Amino acid sequence: MTAIRNILIVGDGIAAWLSAVMLARATGRGQVVIGVAGSRGGADGIENEFAGSTLPSIGPRHAALGLTEFELMRDTQAAFKLGDEYRDWDVPGGAYVHAFSDVGARLDAIAFHHLLGRLRAAGQTVDIGDYSVAAQAARLGRFAHPSQDGNSAASTFSYALHLDAPTYARYLRAYAEHLGVVSLNGRLASMQRRASDGFIDAVLLEDGRRLAAEFYLDCSGAAGDLIQGVLGAGFESWAQWLPCNSALSAFTARKTPPRPVTEFIARSAGCQLRIPVRQGNSNGFIYSAAHLADDEAQAAFRATLDDVTREPRAFRFEQGRRRQFWSHNCVAIGASAAVLEPLGSAGLHLMMSALTRLITLFPDASCAASLAGEYNRAMAGEYRGVRDLLVLHYHATRRDDSEFWRHCRNMQLPDSLEQRIRLFRHRGHFALDDEDTFMEPDWMQVFLGQGIWPERTDPLADFMDLDLLRQKVDRMRQIVRHAAEGLPPHEQYLAQRTAPRPAPR
Amino acid sequence: MTAASLSRFLRPEQCAIRLVESQEIGIVGVGEATVPHIRFFNQSLGLDEADFMRKTHATFKLGIEFVDWARLGDAYIHPFGDYGRPFHGVRFLHLWNRLRLNGDPTLLDEYSLPVMAARQSRFALPSTDPASVLSTFSYAFQFDATLFAPYLRAYAEKRGVRRTEGRVVDVGVRGTDGFIESLTLANGERIEGDLFIDCSGFFGLLTEKSLHTGYEDWTHWLPCDRAVAVPCESYGPLLPYTRATARTAGWQWRIPLQHRTGNGYVYSSKFVSDDEAAATLLKHLDGKALAEPRMLKFVTGRRKKTWNRNCVAIGLAGGFVEPLESTSIYLIQAAITRLLELFPDRNFDPVVRDEYNRIMDVEFERVRDFIVLHYHATERDDTPLWNYVRNMPIPDSLAYKMELFRERGEVVNYKLGLFYEPSWVAVYVGQRVMPKRYDPTLEYRPLEELQRHADSTRAAVRAGAQSLPTQAEFIARYCGMNP
């Protein structure tokens, strides 16, 4: 077999530099030449502007890349994150946190949401956030690393990071270059395919340089310079389920302490988000241009911002995924593979997961079709699972205050989501697939947060003694609150954790 | 198992459980082999492991040895544990494969602690120190099913299950919706219920004879349709594994218990007569037969809906994928776990039933594919059975998995269902499905570095295995039967 010795990455943003870092780490120093060339259109907005809101998988993944949390946070303005806060989604005024946390605990093998459902059916007012250490801490603006003591309630959550996306991209670039990745400092002009098998043979840069590699990564953003422009892999639009197609982004200075949550606030034709990093907030406004004119969107967005420190940017996109993520000798990573709005904060996770899968299935120069087939099968499942959770946020709502929300409430759902909702609504059960990113606690928090309670509780929960159940669940609430209140304020903890350390002697 | 588990999670004042059992219908199996999941079942019931083992005359199981499967003369063990340690994030299999393609003849076995321990009849409980090579395995049991049933019966009865001895002569089905209403016993007693669980075996007394659920026949992939079983006296060291030896028209099991050995020949009646099969079995016992051989008939496949109306079919009533990988008890356990998760109320919401059936279909199909692999991936052409299975078309869900492994040793992982990566690796390699390539990132590392990693792993495995006591010693100390 002929090992790949040259990889060319096309792109300018996080996906390109993350790919460079992960491939450089996986292939060992100096064995493979990895070059990065700029795409035709420059860094993709939807991929890069909001990538700073992450999921807990980022911690172990960074560690595996040799990046220490302390250095990364110190150098990238990062802050801690306990979950996503959703406001005004189900009804205006409503709020919930999708936290990275256990929610309550099982009793006699009965899942916690069934216990809570039983109490709710008995007339008690219940809020799942009361039983999640991370959700409580998020509300209180508190944070510390989870306890290592498995018996402590303070060990029942995990955490992610809020990154400043442009700083993070530069950080990855510097690390990639440190690992020997070559920045080609040129922009893609055209591509050449091999006649015999359709593989990409070489690319030409604007300055006339011709670059040949055995394997290509398309990180060029939604345009898909290689995967679509050369290989025509096709696009499956999800616009009928995710109608938002426009975004505005702006950075504002820090005025209040950074909260350990990403905020997603539903608006009349989409949603607004705020990602708090140390020096300020990265803000976004996501909307459907069919339901809201651009100038109205800009006015609505600006009205909520003060002290804008980076000029607002506007861009359009269409949500959906590439029909094939791996075609011939080219794999698409980031927005060139799938375009999803920032809701759910899975952007960076999906890039890392795709690259991990690619490294697992890393081909030799022949790029066997079976490897690409398996990669495409698995990634299609992974993107589908994330898409379903996003669509759920828009669809499961009682809002009818705008045409946009009426559309979302009444739209025909993808079959897979239809089945998930049916099963949860009828019985409080989760239909999970092999490739799902979001697991039971995630779905549970979003279902309940969006106002979908099971019509029937688990019959086993119905058998429990109500007074005893009430006591036990109440005890859980107290333990959770006590654990959350025992954490320090996030800002204080963050300052300690990112302060320069004395050099070791 | 179902009664014990339901009685653990449902209290009698909440839900009355009755079990109807006829002594006239015996328990199948003379020795039952399991997979490690059985330990979670026992833990969920709060059973004491040593007590359970003592009362069921159980032994430990580190895996299954397959003899004569890919070629006559071959023998490999499918262990409960992984091979080697990853090398710079690359799975050990790839490293082994690179060395193999470079001419290194070392068997994959030598990098597996449970295989090496099993080969020397050694056993101890896994270490809890994740850094130790002695933590790199899991274990299951081999026990006497005819003793496990009464053991569970005592457990269930103590928790309020009412057991009735009797034979069901009539099943009352409601005219409006076809739900089962009642059972009538030979003595005239009529028993009503909301939920009926059919554990009547292949026969499917409720699900098939009354509800006519239908059966999906998998004989074209798994042609064995009979088994003849006999216990024999123990002989030789007490092996911590089950052996499955390929025969002309099927395969023979050998399951060592503390006090005797269970044996059986699973065969296809198309390729051998019952008398011949029984003679072959008796000829290949390693001790004196302790009973007359018993014959069983079955059809591999699964019930079209393991949950139909208000009846859930568990065990052989739900389906049968033959005992080659000791999955019967696992599938019972999976059915019980899912039933508890999706426990119905009197409305019997079809959404719940459909989800249960979806999951159980996946469970059955993934076990099926794994077992079909053992038959299909063979080079044997010495008998009609082996010629048939070698040439038969296989399920698409298996074909692409095999292709991916052949291409470069990649195992398709899944979250739902049994058998994880090390199991697939063991059987692919054991059946001589060899990866043509390996993870090419290994090309970027010097061969000597790979060799050092392999050598140190092998040395650690060898030393670890040798440090264990024999299973006989360990059992005598831990859970020996009273003499």
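Residues numbered from 1 in each chain as written. Chains lettered and ligands numbered in written order. Predicted model: local features only at pLDDT ≥ 70, side-chain atom pairs only at ≥ 80, totals over all residues. Heavy atoms only, no water.

1. So, the overall build of chain A
For clarity, the threshold we go by: By the criteria applied, helices consist of DSSP H or I runs no shorter than four residues and strands consist of E runs no shorter than two, each listed in order from the N terminus. With C-alpha atoms as the basis for the radius of gyration, the globule rule is written as 2.2 Å multiplied by the number of residues raised to the power 0.38. Relative accessible area decides the class of each residue, using a 1.4 Å probe on protein chains only: under 20% of the type maximum gives buried, over 50% gives exposed, and in between gives partly exposed. Residue contacts follow a heavy-atom distance rule, with two residues in contact if any of their heavy atoms lie within 4.5 Å. For every accessible area listed, the method is Shrake-Rupley and the probe measures 1.4 Å; residues are considered covered only by the protein chains on display.
Within chain A, the regular secondary structure consists of 16 helices and 20 strands. The C-alpha radius of gyration computed for chain A amounts to 23 Å, which stays within 12% of the reference 23 Å derived for 505 residues, consistent with globular compactness. Expressed along its principal axes, the backbone C-alpha trace of chain A runs to roughly 75 × 60 × 50 Å. Burial analysis of chain A (505 residues in total) assigns 60% to the buried set. Considering only contacts in chain A between residues 6 or more positions apart, those separated by 24 or more positions represent 78%. Carbon and sulfur atoms provide 47% of the accessible area of chain A, an area that totals close to 18700 Å².

2. Re the overall build of chain B
The condition is simple: Working convention for charge: Lys and Arg count positive, Asp and Glu count negative, and His plus the chain ends are omitted. By convention, the point assigned to a charge is CZ for Arg, NZ for Lys, CD for Glu and CG for Asp.
The secondary structure content of chain B amounts to 14 helices and 21 strands. Relative to the compact-globule value of 23 Å for 483 residues, chain B shows a C-alpha radius of gyration of 23 Å, a close match. Taking the principal axes of its C-alpha atoms as reference, chain B extends roughly 75 × 50 × 45 Å. Relative to its 483 residues, chain B shows a buried fraction of 60%. Pairs at least 24 residues apart make up 76% of the contacts formed inside chain B by residues separated by at least 6 positions. Accessible surface computed for chain B: about 19100 Å², of which carbon and sulfur atoms make up 51%. Of the charged side chains in chain B, 58 are positive and 60 negative, and the gap between their average positions amounts to 1 Å.

3. Thoughts on the sheet that holds strand β12 (residues 246-253) of chain A
To summarise the sheet geometry, strands pair through backbone hydrogen bonds and adopt either a parallel or an antiparallel arrangement. Residue and element names in this part refer to chain A. Here is the rule we go by: Two strands are said to pair when DSSP picks up at least two bridges between them. The convention used is that axes are lines fitted to C-alpha atoms, helices contributing only their stretch in contact, and that angles between N-to-C directions extend from 0 to 180 degrees.
Strand order in the open sheet formed by seven strands is β5-β4-β13-β14-β15-β12-β16, and the pairing between neighbours is mixed. Strands at the two margins of the open sheet, each flanked by one partner only, are β5 (95-99) and β16 (308-316). Looking at each pair of strands side by side, their axes are set apart by 15° on average, direction ignored. Summarising the sheet, strand β4 (residues 83-87) and β5 pair through five bridges and their orientation is antiparallel.

4. Some details on helix α5 (residues 112-121) of chain A
Residue and element names in this part refer to chain A. α5 sits mainly inside the fold: eight of its ten residues count as buried. Of all the residues in α5, the buried ones are Phe112, His113, His114, Leu115, Leu116, Gly117, Arg118 and Leu119. Contacts made by the buried residues of α5 are with α12 (415-427), α13 (440-449), α14 (459-462) and α15 (466-485). Where α5 ends, the next residue or the one after it, glycine 123, has phi of about 100°, a positive value.

5. Here we look at the packing of aromatic side chains
Residues and elements named next belong to chain B. How we decide: Here a Phe, Tyr or Trp ring, Trp counted by its six-membered ring, pairs with any other such ring whose centre lies within 6.5 Å, and the pair is stacked when the planes are under 30 degrees apart, edge-to-face when over 60, and tilted otherwise. The rule for a charge over a ring is simple: NZ of Lys or CZ of Arg within 6 Å of the ring centre, and within 35 degrees of the ring normal.
Per the stated rule, a full pass over the model turns up 57 aromatic pairs over all chains. Taken together, the aromatic side chains of Phe52, Phe60, Phe123, Phe137, Tyr139, Phe141, Phe143, Phe148, Tyr151, Phe474 and Tyr478 make up a single cluster linked through ring pairs. When the ring centre of tyrosine 414 is taken as reference, the NZ or CZ atom of arginine 366 above it lies at 4.2 Å.

6. Some details on the interface of chain A and chain B
To keep things clear, this is the line we draw: Whenever a carboxyl oxygen of Asp or Glu lies within 4 Å of a side-chain nitrogen of Lys or Arg, that contact is scored as a salt bridge. For the purposes of these results, a polar contact is taken to be a pair of N or O atoms within 3.5 Å, where, inside protein, one atom must be able to donate a hydrogen and its partner to accept one; residues adjacent in sequence count only when each atom of the pair is a side-chain atom. In this classification, the charged set is Asp, Glu, Lys and Arg, the nonpolar set is Ala, Val, Leu, Ile, Met, Phe, Trp, Tyr, Cys and Pro, and all remaining amino acids, among them Gly, are polar.
If you look at the interface, chain A gives 44 residues, while chain B gives 40 residues. Summed over the shared surface of chain A and chain B, the result is five salt bridges. Salt-bridge contacts for A:Asp434 lead to B:Arg366; the nearest nitrogen and oxygen are separated by 2.8 Å. The tally of links between chain A and chain B comes to 13 residue pairs in polar contact (both at pLDDT 80 or more). Where the side of chain A that touches chain B is concerned, the elements lending two or more residues are α1 (14-27), α9 (347-360), α10 (369-395), α12 and α14 of chain A. Examining the composition of the side of chain A that touches chain B, we find that five residues originate from one element, α12(A), more than from any other. In the side of chain A that touches chain B, the residues fall into 21 nonpolar, nine polar and 14 charged.

7. Overview of helix α12 (residues 421-430) of chain B
Residue and element names in this part refer to chain B. With ten of ten residues buried, α12 is to be regarded as a mostly interior element. Of the residues making up α12, those classed as buried are Glu421, Pro422, Ser423, Trp424, Val425, Ala426, Val427, Tyr428, Val429 and Gly430. Among the structural elements, β5 (75-79), α4 (92-101), α9 (350-376) and α11 (396-408) are those in contact with the buried residues of α12. Positive backbone phi, at 65°, marks arginine 432, one or two positions downstream of α12.

8. Looking at the state of the cysteines
What counts is decided by this rule: Only a pair of cysteine sulfur atoms within 2.5 Å counts as a disulfide in this structure description.
All told, the structure shown has zero disulfides over all chains when counted by the stated rule. With no disulfide of its own, A:Cys330 lies closest to A:Cys219 among cysteine sulfurs, the gap being 8.8 Å. The cysteine B:Cys15 is free of any disulfide, with B:Cys199 supplying the nearest cysteine sulfur at 15 Å.

9. Considerations on the confidence of the model for chain B
Applicable threshold: The predictor's confidence in any single residue is recorded as pLDDT, a number from 0 to 100.
A residue-level look at chain B finds 98% of positions with pLDDT of 70 or above and a mean pLDDT of 94. Two summary scores accompany this predicted model of the complex, namely pTM at 0.92 and ipTM at 0.87.

10. Topic: the sheet that holds strand β11 (residues 235-237) of chain A
If you trace the three strands from one edge of the open sheet to the other, you get β11-β17-β20 (chain A), paired in antiparallel fashion. If you trace the sheet from one side to the other, it starts and ends with β11 and β20 (338-339) of chain A, each paired once.

11. Brief notes about the side chain of B:Gln471
All names here are of chain B. Within the secondary structure, glutamine 471 sits in helix α14 (residues 471-478). Looking at glutamine 471, the relative accessible area reads 0%, which means it is buried. Separated by 3.4 Å, the side chain of glutamine 471 and the backbone oxygen of leucine 238 make a polar contact. In contact with glutamine 471, not counting residues within four places along its chain, are Thr59, Phe60, Ser121, Arg122, Phe123, Leu238, Leu239 and Pro240.

12. Some remarks on the pairing of strand β4 (residues 63-67) of chain B
All names here are of chain B. Counting buried positions along β4 gives five out of five residues, so the element sits mostly inside the fold. Of the two faces of β4, the one holding Gly63, Glu65 and Val67 and the one holding Ile64 and Phe66 are both buried throughout. Examined bridge by bridge, β4 and β5 share five bridges and lie antiparallel to one another. Each bridged residue has a counterpart across the sheet, and for valine 67 the counterpart in β5 is alanine 75. Taken together, the four bridges between β4 and strand β14 (residues 242-247) define a ladder with parallel strand orientation.

13. Looking at the pattern of salt bridges
This model, assessed by the stated rule, comprises 72 salt bridges over all chains. A salt bridge links B:Arg346 to B:Asp194; the nearest nitrogen and oxygen atoms lie 3.3 Å apart. Of this pair, B:Arg346 sits in the loop between α8 (328-341) and α9 while B:Asp194 sits in the loop between β10 (190-192) and β11 (196-198), and the two are 152 residues apart along the sequence. In this structure, a network of salt bridges that share partners links the residues A:Arg387, A:Asp388, A:Arg420, A:Asp433, A:Asp436, B:Glu355 and B:Arg358.

14. Thoughts on the packing of α12(A) against α9(B)
Note the threshold: Working rule for angles: under 35 degrees goes down as roughly parallel, over 145 as roughly antiparallel, 65 to 115 as roughly perpendicular, anything else as oblique. In this scheme the crossing of two helices becomes right-handed for a clockwise turn of the near helix relative to the far one and left-handed for an anticlockwise turn of less than a right angle.
α9(B) packs onto α12(A) with a crossing angle of 125° between their chain directions and a minimal axis gap of 9 Å. On the basis of the axis angle, α12(A) is oblique to α9(B). Here α12(A) runs over α9(B); the crossing is left-handed. In this structure, α12(A) uses A:Gln419, A:Arg422, A:Leu423, A:His426 and A:Arg427 to contact α9(B), whose residues at the interface are B:Val351, B:Val352, B:Asp354 and B:Glu355. Class assignment of the residues belonging to the contact of α12(A) with α9(B) gives a composition of three nonpolar, two polar and four charged.

15. Considerations on the side chain of B:Asn263
All names here are of chain B. Following the sequence through the fold, asparagine 263 ends up in strand β16 (residues 261-267). You can call asparagine 263 buried: its relative accessible area is 2%. Side-chain polar atoms of asparagine 263 contact the backbone oxygen of threonine 261, separated by 3.2 Å.

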